[in-house]
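Architecture at a glance
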Amino acid sequence: MISKKTILSLLLLATGFLTATAQKSPQDMNRFIDVLMKKMTLEEKIGQLNLPVTGEITTGQAKSSDIAAKIKKGEVGGLFNLKGVEKIREVQKQAVEQSRLGIPLLFGMDVIHGYETMFPIPLGLSCTWDMAAIEESARIAAVEASADGISWTFSPMVDISRDPRWGRVSEGNGEDPFLGAMIAEAMVRGYQGKNMQRNDEIMACVKHFALYGAGEAGRDYNTVDMSRQRMFNDYMLPYEAAVEAGVGSVMASFNEVDGIPATANKWLMTDILRGQWGFNGFVVTDYTGISEMIDHGIGDLQTVSARAINAGVDMDMVSEGFVGTLKKSVEEGKVSMETLNTACRLILEAKYKLGLFDNPYKYCDPKRPARDIFTKAHRDAARRIAAESFVLLKNDSPDGNPNGNPLLPFNPKGNIAVIGPLADSRSNMPGTWSVAAVLDRCPSLVEGLKEMTAGKANIMYAKGSNLISDAAYEERATMFGRSLNRDNRTDQQLLDEALNVARRSDIIIAALGESSEMSGESSSRTDLNIPDVQQNLLKELLKTGKPVVLVLFTGRPLTLNWEQEHVPAILNVWFGGSEAAYAIGDALFGYVNPGGKLTMTFPKNVGQIPLYYAHKNTGRPLGQGKWFEKFRSNYLDVDNDPLYPFGYGLSYTTFSYSDIDLSHSSMDMNGSLTAAVEVTNTGTWPGSEVVQLYIRDVVGSSTRPVKELKGFQKIFLQPGEMKIVRFKIAPEMLRYYNYDLQLVAEPGDFEVMIGTNSRDVKTAKFTLN
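Keep in mind it's a predicted model, so treat the numbers as computed, not measured. (Residues numbered from 1 in each chain as written. Predicted model: local features only at pLDDT ≥ 70, side-chain atom pairs only at ≥ 80, totals over all residues. Heavy atoms only, no water.)

**Focus: the sheet that holds strand E6 (residues 249–252)**
The strands that make up a sheet pair up through hydrogen bonds in the backbone, lying either parallel or antiparallel. Pairing within the open sheet is parallel, and its 3 strands lie in the order E5-E6-E9. Of all the strands in the sheet, the pair left with one neighbour each is strand E5 (205–209) and strand E9 (282–284). Taking each pair of neighbouring strands and ignoring which way they run, the sheet shows an average axis angle of 30 degrees. In this sheet, E9 lies alongside E6 in parallel orientation, the contact comprising 3 bridges. (Pairing = 2+ DSSP bridges. Helix = DSSP H or I, 4+ residues; strand = E, 2+ residues; numbered from the N terminus. Axes fitted to C-alpha atoms, helices over the stretch in contact; angles between N-to-C directions.)

In structure tokens:
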């Protein structure tokens, strides 16, 4: 008997589909799509630009779903957030076998930092400064998502942000464009592999183009307004890096740029993205991005839909503005057939490059989920990478003795109290934007530590407080199944229970901070302190006289002045993913030495925001280390310095840096020089160190930042071991966009700085001739 797959292959062969895609050359692709598009009606071409959300379709109900009729009529190009290989196979069958032309669908999902095996939130991942680990996390996510039918992920998000009030800093890579560009490339490689031909390689979508992280007041979706020079010097590089890495798609951002919403911004989507950077994939809107432009105030649905496609947007996510209005706009001459054909072709090209015309069920192998999702190997990688993302913010002696032994790591024995509203929550461990995670499968911190210390120590637990005193606020901060099961006892009753447990312990682990949904989309905050009742709990725990380790859960930089002054040890664990509980235990007990480095500055005060290391001087700069001077650029009530600078992170060991050795004191435009330092592990633990290179252009035709990250190397040293770390400096590293938006390296004096963070550096000088 001939199988259905063989019948389908014969049908494709008869229409030229299979033969045309077999060679995979650009010429073959163009010929194939030319033939296909000649068969397509106007409505079918518009249908390829439509990306609706499915709602929940249970297996066996795809034929009767609301979306099925549209698929059969060729009015759908892809579907958004449908999970499960059997469901996806059933829906794909509708498109391939029951629509007129049998064009397969794209299936996209927000696979942001893992699929079912969850890795740390992207801000945490960035703190590894480990491109191999970051690429590995994306590779594993692609393997798992593709096993479940997904062919397209809406990741990586590479928006630079210097405002921790914005909740989506959790989904980004921090404040620095150079590091952000490196991560963008690593993520695209991890998702897409070599050429997206394997069935475990999926298409990436870099987002949000452009400038989404620079919204006013740190409020999500808000207006962005800045000079084009600043755009290109401070924000554009990660998007461009993703394009250079071959990303298959780009997502338009919600915000406006130069007074025009990005979704209708031709300068962004056509002039820069395609004209200047040579992007050859397709552009998709964000969720309802087209219809939202009505509220922006630039027209009705037909008008904004026409403006979007004329600007260079190719696919409409959810708004149905294209399928609802483009036919009329074409008939009225408001959108040309050439423009429509270009958008349609780009969607078809993406499907061709993914191999979906060759095998529409490429991602629908029912044997793969059990074999490839949430495997032990994937979980082991998640545990290792989570521990690498943790940032040790403080590690003093518990009695305050500067010469005493640091509190961490500690031997897991005796009575260990684990206290706090985040101590026994499974659902908050993966972090925000973990839409495919099975939330109750992630062990809580208490559960993980009990498992790790069985037979060695007695783990005691008390909640200690609710997340925050305001019940309505807690409800807003624990959406999407992330409830902390608010306790209706009084604050005093919760505290008394915790203190009773604490007094019987030998050491206290205080699991405090944000819930996972206090950061993420539409989770902006104006108060960045640890919430009120948690702060009170922490203060009372310290009064017991027992050693206290603050295990900080957060999706953003917080203001931790009091904690830095009073708590002996602070380990920032972000939200570490599926294996976070075990990874935290690994760090606390010294099975691994945390070596994460911050990729966003931690302010002392919300009023300092935006606060970032690569700032510019004013004409009245405050002297380094000084505060306060009248008629200088400073505050009356707080100094200008951050609590923790960009690149900061401690270790269980210590490192020393020699002075910088420059191979030459000058170079010309065709030359280069080498900057070298000796880095020595001066402590007693083996550990990793991120050696960071910063450069300052001392005099420019436009003002330049006081320092900019231009390189880094992550090294591992045994106690007493020394390694010479060398950085090659070439003129292209010194280029920037001048006032005329020309990318130039200008002759003059430069400072090179190398150190353990952006503040603590050695400095040398050279001249570019």
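**Structural notes on empty space enclosed by the protein**
A complete count under the given rule lists 5 cavities of 30 Å³ or more for this structure. As for the largest cavity, its lining consists of 14 residues, of which Gln-48, Gly-74, Ser-99, Leu-101 and Ile-103 are closest to the centre. For the lining of the largest cavity, the residue count by class is 7 nonpolar, 3 polar and 4 charged. Roughly 60 Å³ of internal volume is contained in the second largest cavity. Of all the elements in the fold, those that place two or more residues in the lining of the second largest cavity are strand E21 (687–697) and strand E22 (708–717). It is E21 that contributes the most residues to the lining of the second largest cavity, 3 residues altogether. (1 Å grid on protein atoms, 1.4 Å probe; cavity = no way out; pocket = protein on both sides within 12 Å on 5 of 7 lines; lining within 4 Å. Points joined across faces, edges and corners; volume = space filled by probe spheres on them. Nonpolar A, V, L, I, M, F, W, Y, C, P; charged D, E, K, R; others polar.)

**Things to note about the packing of helix H8 (residues 131–147) against helix H9 (residues 177–192)**
Running from N to C, H8 and H9 point in directions that differ by 35 degrees, and their axes come no closer than 7 Å. Here H8 runs over H9; the crossing is right-handed. Note on element contacts: H9 touches H8 through Leu-179, Met-182, Ile-183, Ala-186, Met-187, Arg-189, Gly-190 and Tyr-191, opposite Met-131, Ile-134, Glu-135, Ser-137, Ala-138, Arg-139, Ala-141 and Ala-142. Each residue belonging to the contact of H8 with H9 can be placed in one class, and the counts come to 11 nonpolar, 2 polar and 3 charged. (Left-handed = near helix turned anticlockwise from the far one by under 90°. Contact = heavy atoms within 4.5 Å.)

**Some thoughts on the packing of helix H10 (residues 228–235) against helix H12 (residues 266–276)**
Where H10 meets H12, the axes come as close as 15 Å, and the angle between the chain directions of the two elements is 55 degrees. Between H10 and H12, the interaxial angle falls into the category oblique. Once H10 is placed against H12, the crossing between them reads as right-handed. From H10, Arg-228, Met-231 and Phe-232 reach across to H12, where they touch Trp-267, Ile-272 and Gln-276. The class makeup of the residues in the contact of H10 with H12 is 4 nonpolar, 1 polar and 1 charged. (Parallel < 35°, antiparallel > 145°, perpendicular 65-115°, else oblique.)

**Description of the state of the cysteines**
One pass over the full model with this rule turns up 0 disulfides. Cysteine Cys-205 shares no disulfide, and the gap to the nearest cysteine sulfur, in Cys-344, comes to 18 Å. (Disulfide = S-S within 2.5 Å.)

**A look at the packing of aromatic side chains**
All told, the structure shown has 26 aromatic pairs when counted by the stated rule. Consider the rings of Trp-129 and Phe-646, whose centres lie 5.7 Å apart with planes at 55 degrees: the pair is tilted. Separated by 517 residues along the polypeptide, Trp-129 in the loop between helix H7 (122–126) and H8 and Phe-646 in the loop between helix H24 (580–588) and strand E17 (655–657) bring together distant segments of the chain. Both residues of the pair, Trp-129 and Phe-646, count as buried. (Phe/Tyr/Trp six-rings, centres within 6.5 Å; stacked < 30°, edge-to-face > 60°. Buried < 20%, exposed > 50% of the residue type's maximum accessible area, 1.4 Å probe, protein only.)

Geometry only, nothing functional implied.
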